[in-house]
Amino acid sequence: SAVLAANPLGHPHPAVQKAAMEMMNRYSVVLRMQNASIPGVVRAFLQLIVEGNDASVRSRACYLMLRVIKALRGCIMSHTGTLVPCLTVILLQDSLRVEQNDRLQLFEATGQLLSAEGLSPDAKSEFLATIVVPIVEE
């Protein structure tokens, strides 16, 4: 919790940001025990994806966020309602500065969240519609 409070992902240097992301991925098991910290960590990854100046940091953030979400799949369901809308906003941005493969990882991360146990079929349909309908209408 002291590491999360220090906000290493918010550091301006790309090497520190990458090291912090790797650490969050490696120790994602700790997040299982500190369930309330999960949304903040995922939002920090999203902030690096949207606001990061370094393309390699943005790319690594997409990949490692997907890994963290997969690792936390069993305990992330309670946060799906707050995390999916954040991802949806990012996925629907035309000005998002990420490569196609990175965007695919963001879609996969969203799919991981939507496939979490305990989420009602109606909620899944609603979340999917907010993502798919704008894309299809383009």
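Look up a bit, the structure's there.
Residues numbered from 1 in each chain as written. Predicted model: local features only at pLDDT ≥ 70, side-chain atom pairs only at ≥ 80, totals over all residues. Heavy atoms only, no water.

**Brief notes about the pattern of salt bridges**
Quick note on the threshold: For this analysis, a salt bridge means a side-chain nitrogen from Lys or Arg found within 4 Å of a carboxyl oxygen belonging to Asp or Glu. The secondary structure listing takes helices from DSSP runs of H or I that are at least 4 residues long and strands from runs of E that are at least 2 residues long, numbered from the N terminus.
Within this structure, the stated rule accounts for 2 salt bridges. The salt bridge involving R60 is made with E22; its shortest N-O contact spans 2.6 Å. Placement of the pair is R60 in helix 5 (residues 55–71) and E22 in helix 2 (residues 14–26), with a sequence separation of 38 residues. K70 is paired through a salt bridge with E108; the nearest N and O atoms lie 3.0 Å apart. Of the two residues, K70 is situated in helix 5 and E108 in helix 7 (residues 100–114); the sequence distance between them amounts to 38 residues.

**Side note on helix 5**
For an α-helix, 3.6 residues make a turn, and residues three or four places apart therefore share a direction. What counts, and what does not: The length a helix should cover is 1.5 Å for every residue beyond the first. Exposure classes here rest on a 1.4 Å probe applied to the protein chains alone. A residue is buried below 20% of its type maximum, exposed above 50%, and partly exposed in between. By definition, residues are in contact when any of their heavy atoms lie within 4.5 Å.
The first and last C-alpha atoms of helix 5 sit 24 Å apart over 17 residues, in line with the 24 Å expected at 1.5 Å per residue. Those residues of helix 5 that fall on the buried side of the exposure criterion are V57, R58, A61, C62, L64, M65, L66, V68 and I69. Among the structural elements, helix 2, helix 3 (28–33), helix 4 (38–51), helix 6 (80–91) and helix 7 are those in contact with the buried residues of helix 5.

**Side note on the packing of helix 2 against helix 4**
For any two helices packed against each other, the geometry is given by the interaxial angle and the distance between the axes. Going by this rule: Here the axes come from fitting lines to C-alpha atoms, over the contacting stretch only for helices, and the angles between their N-to-C directions go from 0 to 180 degrees. If you view the pair so one helix is near and one far, a crossing is left-handed when the near helix is turned anticlockwise from the far one by less than a right angle, and right-handed when it is turned clockwise. Any residue that is not Ala, Val, Leu, Ile, Met, Phe, Trp, Tyr, Cys, Pro, Asp, Glu, Lys or Arg is counted as polar, Gly included; the first ten are nonpolar and the last four charged.
At their nearest, the axes of helix 2 and helix 4 sit 12 Å apart, and the two run at 150 degrees to each other. For the element pair helix 2 and helix 4, the recorded crossing hand is left-handed. Across the interface between the two elements, Q17, M21 and M24 from helix 2 touch V41, F45 and L48 from helix 4. Residues belonging to the contact of helix 2 with helix 4 are distributed by class as follows: 5 nonpolar, 1 polar and no charged.

**Some points on the nonpolar core**
Here is the rule: Definition of nonpolar core: a set of buried residues of the types Ala, Val, Leu, Ile, Met, Phe, Trp, Tyr and Cys, connected through side-chain atoms within 4.5 Å.
Formed by 35 residues in total, the largest nonpolar core has its most connected members in F45, I49, M65 and L106. Among the secondary structure elements, those contributing two or more residues to this core are helix 2, helix 4, helix 5, helix 6, helix 7 and helix 8 (121–137). With 8 residues, the single largest contributor to this core is helix 5. Discounting residues that sit within four places of it in the chain, I49 has contacts with R58, A61, C62, M65, L96, V98 and L106.

**Considerations on a nonpolar patch on the surface**
Just so we agree on the cut-off: Patches here are clusters of residues that have more than 30% relative accessible area and form no salt bridge, with a 9 Å joining cutoff for like charges and a 5 Å cutoff for nonpolar side chains (Val, Leu, Ile, Met, Phe, Trp, Tyr). Accessible areas in this description were obtained via Shrake-Rupley with a 1.4 Å probe; residue shielding takes into account the shown protein chains only.
A cluster of nonpolar side chains, namely Y27, V29, V30 and M33, defines an oily patch on the protein surface of about 410 Å² accessible area. Among the secondary structure elements, M33 is positioned in helix 3. Overall, M33 belongs to the exposed group, its relative accessible area being 66%.

**A short note on the environment of K70**
Stated formally: Polar contacts here mean pairs of N or O atoms no more than 3.5 Å apart (in protein, one a potential hydrogen donor and the other a potential acceptor; neighbouring residues in sequence count only if both atoms are side-chain atoms).
Look at K70 and you get partly exposed, because its relative accessible area is 41%. For the pair K70 and I49, spaced 21 residues apart in sequence, the C-alpha separation works out to 18 Å. Not counting residues within four places of it along the chain, the set of residues in contact with K70 comprises E108 and Q112. A distance of 3.0 Å separates the side chain of K70 from the side chain of E108, its partner in a polar contact.

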